[in-house]
Amino acid sequence: MAVTALVGAQWGDEGKGKVIDILAQKSDMVVRAQGGNNAGHTVVANGVTYKLRLIPSGILYKGAVCVVGNGVVIDPAVILSEMDALKDSGVDVSRLKIDARAHVILPYHLALDELSEKARGAGDIGTTKRGIGPCYMDKAERIGIRMCDLIKPAVFEEKLKRNVEIKNNIITKIYGGEPISFEKTLADYKQYAQKLAPYVCDTSVLVFNAIKSGKNVLFEGAQGALLDLDVGTYPYVTSSHPVSGGFCVGAGVGPTLIKECLGIAKAYTTRVGKGPFPTELDDEIGERIRTVGAEFGTVTGRPRRCGWLDAVILRFAVRVNGLTGIALNKLDTLTGISKLKVCVAYKKDGAQICDFPSDISELEGCEPVYEEFDGWTEDVTGAKSLNDLPANAVKYLRAVEKLIDCPIKMVGVGPDRTQNFEI
Ligand code: IMP
């Protein structure tokens with residue numbers, strides 16, 4: 001697998017965790033480079049269930065070095081609780097490396113995420129309220145506090161004092177919220193700093209050296225292409241770069257070093273939070289997909305909006321990520337639906353739109369143009385290769401490949417790690 005990037009090809013929640021988990025077992029290093037604990041996946045290993053939000057799941061496999069790169073925003077309390085849970089299950093966390101440049105989420109980020117969403121009223125984004133956006137705002141404003149600051153007590157105290165003053169002004173005077181306590185934050189974060197300091201280093205050097213010495217390095221994406229701050233469905237996006245280019249900036253590696261890029265998609269589409277969704281189903285098929293596919297958020301528990309597969313979106317994901325392959329998950333969820341639809345283009349004012357619009361307001365009034373496929377009723381959950389799939393399922397997969405001009409390299413037919421095969 002050498003150097004592989006794995007990204008979400010839709011709006012996140014594509015089942016990346018399972019594919020990451022499969023590939024992590026073959027990896028010498030697993031790298032996170034963007035987002036924070038707005039992401040989340042559940043891994044079942046050796047009968048134990050682990051809920052990971054920040055630490056790459058490679059931590060469960062002996063030998064894999066797990067990197068939290070400079071582009072990730074870190075809530076120290078969350079990463080420490082993940083580390084404690086792992087330690088309690090006998091997992092060695094000394095292989096965890098946290099970049100010194102990664103920004104730290106502070107209590108005022110959480111407060112501002114909540115307050116600013118509330119203030120937007122009906123125009124809210126539907127964030128996960130984990131302080132992600134406000135933390136990246138500080139990074140862009142150049143007042144952010146980084147891991148290298150956190151672990152230097154005097155530097156941290158000075159920066160925290162300045163920021164708490166600024167943020168409390170905004171919290172109380174603009175939003176009418178409760179101020180953050182400087183003393184409590186200082187005391188809590190001093191403790192976090194002591195515990196995290198041994199893991200902090202320059203991870204860009206580690207990643208570069210691993211790649212140069214021929215190691216298998218897996219870049220683990222969070223969220224999905226449509227949630228990208230730049231190319232996604234702005235403003236209904238996250239504040240980082242879930243596209244493959246995000247790995248370069250967020251892990252400090254050049255683009256020529258990443259050889260393969262696998263996009264993870266579901267055999268249908270889902271999204272949480274607000275924003276347009278052309279193939280959304282507000283009917284019993286949408287409800288059926290939600291129930292059968294257990295489409296409820298891992299971080300917030302919110303029911304996910306469900307709809308047909310959208311090839312316009314997947315073509316967008318192929319383009320903006322330079323995908324070399326697709327892993328199509330949850331094919332089993334479609335079993336029993338007699339007619340399956342795939343959106344091949346949008347239609348608006350008599351014109352056909354084949355490329356996902358750069359301005360989401362253009363999606364208003366767009367009608368999906370569907371191609372219909374016969375479904376299947378046979379159980380596919382035990383399939384180990386294409387030969388085990390019903391003919392109509394294979395036809396569906398081949399048609400999708402053609403519509404998006406990208407090979408399907410993996411198929412998921414159930415939640416277990418073993419219910420997945422390569423093509
Ligand atoms: P934030 O990342 O919490 O700021 O939320 C911004 C948008 O991204 C919201 O619509 C969230 O629901 C969405 N989002 C963030 N993380 C994920 C994820 O891991 N999966 C799916 N949606 C996400």
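Read on for an overview of the structure. (Residues numbered from 1 in each chain as written. Predicted model: local features only at pLDDT ≥ 70, side-chain atom pairs only at ≥ 80, totals over all residues. Heavy atoms only, no water.)

1. Some details on the overall build of the protein chain
A count of helices and strands for the protein chain gives twelve helices and 20 strands. Here the C-alpha atoms of the protein chain give a radius of gyration of 22 Å, agreeing with the 22 Å that 2.2 N^0.38 yields for 423 residues. When the backbone C-alpha atoms are referred to their principal axes, the protein chain occupies close to 65 × 50 × 40 Å. Taking all 423 residues of the protein chain together, the buried fraction comes to 57%. (Helix = DSSP H or I, 4+ residues; strand = E, 2+ residues; numbered from the N terminus. Rg over C-alpha atoms; globule rule 2.2 N^0.38 Å. Buried < 20%, exposed > 50% of the residue type's maximum accessible area, 1.4 Å probe, protein only.)

2. Regarding helix H6 (residues 153-174)
The end-to-end C-alpha separation of H6 is 30 Å, in line with the 32 Å expected for 22 residues at 1.5 Å each. The complete set of buried residues in H6 reads Phe156, Leu160, Asn163, Val164, Lys167, Asn168 and Ile171. Within H6, the buried residues cover an arc of 145 degrees as seen down the axis, which keeps them to one side. Seen from the buried face of H6, the exposed residues on the opposite side, beyond 90 degrees, are Ala154, Glu158, Glu165, Lys173 and Ile174. (Expected span 1.5 Å × (residues − 1). Arc of directions from axis to C-beta.)

3. Quick notes on the packing of aromatic side chains
For the structure shown, the criterion picks out eight aromatic pairs. Relative to tyrosine 189, the ring of phenylalanine 156 has its centre 6.2 Å away and its plane inclined at 15 degrees; by these criteria the two rings are stacked. On the criterion of sequence distance, the pair formed by phenylalanine 156 in helix H6 and tyrosine 189 in helix H7 (residues 182-196) is long-range, its members being 33 residues apart. Classification of phenylalanine 156 as buried rests on a relative accessible area of 1%. (Phe/Tyr/Trp six-rings, centres within 6.5 Å; stacked < 30°, edge-to-face > 60°.)

4. A closer look at the side chain of arginine 32
Among the secondary structure elements, arginine 32 is positioned in strand E2 (residues 29-32). Buried and unpaired, arginine 32 has glutamate 220 as its nearest opposite-charge partner, separated by 4.7 Å. In terms of polar contacts, arginine 32 uses its side chain to reach the backbone carbonyl oxygen of glutamine 34, at 3.0 Å. In this structure arginine 32 touches Ala39, Arg53, Leu54, Pro56, Val67, Val68, Gly69, Val72, Glu220 and Ala222, once residues within four positions along its chain are discounted. (Lys, Arg positive; Asp, Glu negative; His and termini not counted. Salt bridge = Lys/Arg side-chain N within 4 Å of Asp/Glu carboxyl O. Polar contact = N/O pair within 3.5 Å; in protein donor to acceptor, adjacent residues only side chain to side chain. Contact = heavy atoms within 4.5 Å.)

5. Some words on the sheet that holds strand E15 (residues 325-329)
Across the sheet, ten strands lie side by side as E9-E7-E5-E2-E10-E1-E11-E15-E19-E20; this open sheet has mixed pairing. For this open sheet the edge positions go to strand E9 (200-201) and strand E20 (420-422), each flanked by a neighbour on one side alone. Here helix H12 (residues 391-404) sits on the sheet in contact with E15 and strand E19 (408-412), set at roughly 140 degrees to E19. (Pairing = 2+ DSSP bridges. Axes fitted to C-alpha atoms, helices over the stretch in contact; angles between N-to-C directions.)

6. Points about the site of the ligand
Neighbouring the ligand are 15 residues; Asp13, Asn38, Thr128, Thr238 and Arg302 lie closest to it. In this structure, asparagine 38 approaches the ligand through a side-chain N or O atom, which is 2.9 Å from an oxygen atom. The fraction of the free accessible surface of the ligand (470 Å²) that becomes covered by protein chains is 96%. Residue composition of the shell around the ligand, by class: six nonpolar, seven polar and two charged. (Near = heavy atom within 4 Å. Areas by Shrake-Rupley, 256 points an atom, 1.4 Å probe, with all protein chains shown as cover. Nonpolar A, V, L, I, M, F, W, Y, C, P; charged D, E, K, R; others polar.)

7. Focus on the nonpolar core
Residues Phe219, Leu331, Leu389 and Tyr396 are the most contacted members of the largest nonpolar core, which totals 75 residues. For leucine 331, the contacting residues outside a window of four places in its chain are Ala267, Trp376, Leu389, Ala393, Tyr396, Leu397, Val411 and Gly412. The next biggest cluster of nonpolar side chains, apart from the first, holds 58 residues, and it includes Leu80, Ile145, Phe156 and Leu160. (Core = buried A, V, L, I, M, F, W, Y, C linked by side-chain atoms within 4.5 Å.)

8. Some words on the pattern of salt bridges
Summed over all chains, the structure comprises 21 salt bridges. Between aspartate 13 and arginine 304 there is a salt bridge whose closest N-O contact spans 3.3 Å. One end of the pair, aspartate 13, is in the loop between strand E1 (3-8) and helix H1 (16-24); the other, arginine 304, is in the loop between helix H10 (284-292) and strand E13 (305-307), with 291 residues separating them in the sequence. Note on aspartate 13: relative accessible area 26%, which makes it partly exposed. For arginine 120, the salt bridge identified is with glutamate 117, shortest N-O distance 2.5 Å. On the criterion of helical spacing, the pair formed by arginine 120 and glutamate 117 is a turn pair, its members being three residues apart in helix H3 (residues 107-120). When salt bridges with common partners are traced through the structure, they connect Asp13, Lys266, Glu295, Arg304 and Lys330 into a single cluster.

9. Here's the deal with the packing of H3 against helix H4 (residues 132-141)
It is at 7 Å that the axes of H3 and H4 come closest, and there the two elements cross at 115 degrees. The hand of the H3/H4 crossing is right-handed. In contact with Tyr108, His109, Leu112 and Asp113 of H3, H4 contributes Ile132, Pro134, Cys135 and Asp138. Classifying every residue of the contact of H3 with H4 gives five nonpolar, one polar and two charged. (Left-handed = near helix turned anticlockwise from the far one by under 90°.)

10. Digging into the environment of glycine 126
Relative to the elements of secondary structure, glycine 126 occurs in the loop between H3 and H4. Judged by its relative accessible area of 16%, glycine 126 falls in the buried class. With 146 residues separating them in the primary sequence, glycine 126 and valine 272 have C-alpha atoms 7.8 Å apart. With residues near it in sequence (within four places) discarded, glycine 126 still touches Glu117, Gly273, Lys274 and Arg302.

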